[in-house]
Structure formats: structure tokens, C-alpha cells
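The lines below spell out each chain.
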Amino acid sequence: MATRIVINDKEVTNPVAKVFLIAGAIIIAALVSAFVIFILLPIIGVAVTLSVGFIVIFIAATIISAATLAFAIIIMGWLFGAAEFRFEKTNKK
């Protein structure tokens, strides 16, 4: 797996742990989205039909964006190779 996960300056090297961390992030995002769509929208007075339409649009947009993201990652990896983003303090002594 080409994904590097760094937590507290230590890289997670276990592939099973990487899968669980990535799956956990996806599940948390799905739970937050479901909470907003199924609980918050009806509570604040959005009509049920509007909520159902919003759910359909949200699901379609999620599928399309996931496919687009996968395609972009493949193309970027093919063009530029592996990339890494690292955030470090500039005033480190």
C-alpha cells in the first residue's frame, strides 16, 4: 500500500492497521453525513421530500466524487510518482 500514515512522528507500517485506520475514517465520514442528513435536516424543518431528494443527490455525488478522486490519484501517481505531505514546525530547535 503506497499510503503513508504518520501519527506522532511514527509511521504506521502494519498493513492491517492501515486498512483499519482508512476504513475508520471512511466510516466516521459516513456517520457524520448520515447524522446531518437523517437527523439535523428534519429537525431544523426541512421537508421530508426535500430531504429524500437531497439524499439521492448526496449519494450520487459521493459515488461520482469517489470515482473522480480515484481516477485523479491514478493519473497523478502515473505522471508524478509517489508524493508525500509532511507538516513540520518551522521554529524547531
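Predicted, not measured: the structure shown is a model, and the values here were computed from it.

**Re the overall build of the protein chain**
Within the protein chain, the secondary structure is distributed over two helices and two strands. Here the protein chain, with 93 residues, has 8% of them falling under the buried criterion. As presented, the protein chain carries roughly 8200 Å² of accessible surface, and 75% of it is formed by carbon and sulfur atoms.

**Here we look at unusual backbone geometry**
The backbone of N8 sits at a positive phi, close to 55°, despite the residue not being glycine. As for its position among the elements, N8 is in the loop between β1 (5–7) and β2 (10–12).

**What about the environment of T13?**
Here T13 lies in the loop between β2 and α1 (15–43). A relative accessible area of 63% means that T13 is categorised as exposed. Put simply, T13 and T3 are ten residues apart on the chain and 9.8 Å apart in space, counted from C-alpha to C-alpha.

**So, a nonpolar patch on the surface**
There is a patch of nonpolar side chains on the surface, built from I28, V32, F35, V36, F38, I39, L40, I43 and I44 and spanning about 870 Å² of accessible area. When you line up the elements, F38 lands in helix α1.

**A word on α1**
With 29 residues, α1 extends 41 Å between its outermost C-alpha atoms, agreeing within 8% with the 42 Å of an ideal straight helix rising 1.5 Å per residue. A maximum bend of about 30° is found in α1 at V36. Just past α1, the residue G45 takes up positive phi, approximately 95°.

**Points about the confidence of the model for the protein chain**
Per-residue pLDDT for the protein chain has a mean of 80; in total, 81% of the residues score no lower than 70. When pLDDT is averaged over each helix and strand of the protein chain, the minimum, 81, is found for β1 and the maximum, 86, for α1.

Thresholds, definitions, all that
Residues numbered from 1 in each chain as written. Predicted model: local features only at pLDDT ≥ 70, side-chain atom pairs only at ≥ 80, totals over all residues. Heavy atoms only, no water. Helix = DSSP H or I, 4+ residues; strand = E, 2+ residues; numbered from the N terminus. Buried < 20%, exposed > 50% of the residue type's maximum accessible area, 1.4 Å probe, protein only. Areas by Shrake-Rupley, 256 points an atom, 1.4 Å probe, with all protein chains shown as cover. Patch = residues over 30% accessible without salt bridge, like charges linked within 9 Å, V, L, I, M, F, W, Y side chains within 5 Å. Salt bridge = Lys/Arg side-chain N within 4 Å of Asp/Glu carboxyl O. Expected span 1.5 Å × (residues − 1). Bend = angle between axes of the 7 residues up to and from the residue. pLDDT = per-residue confidence, 0-100.

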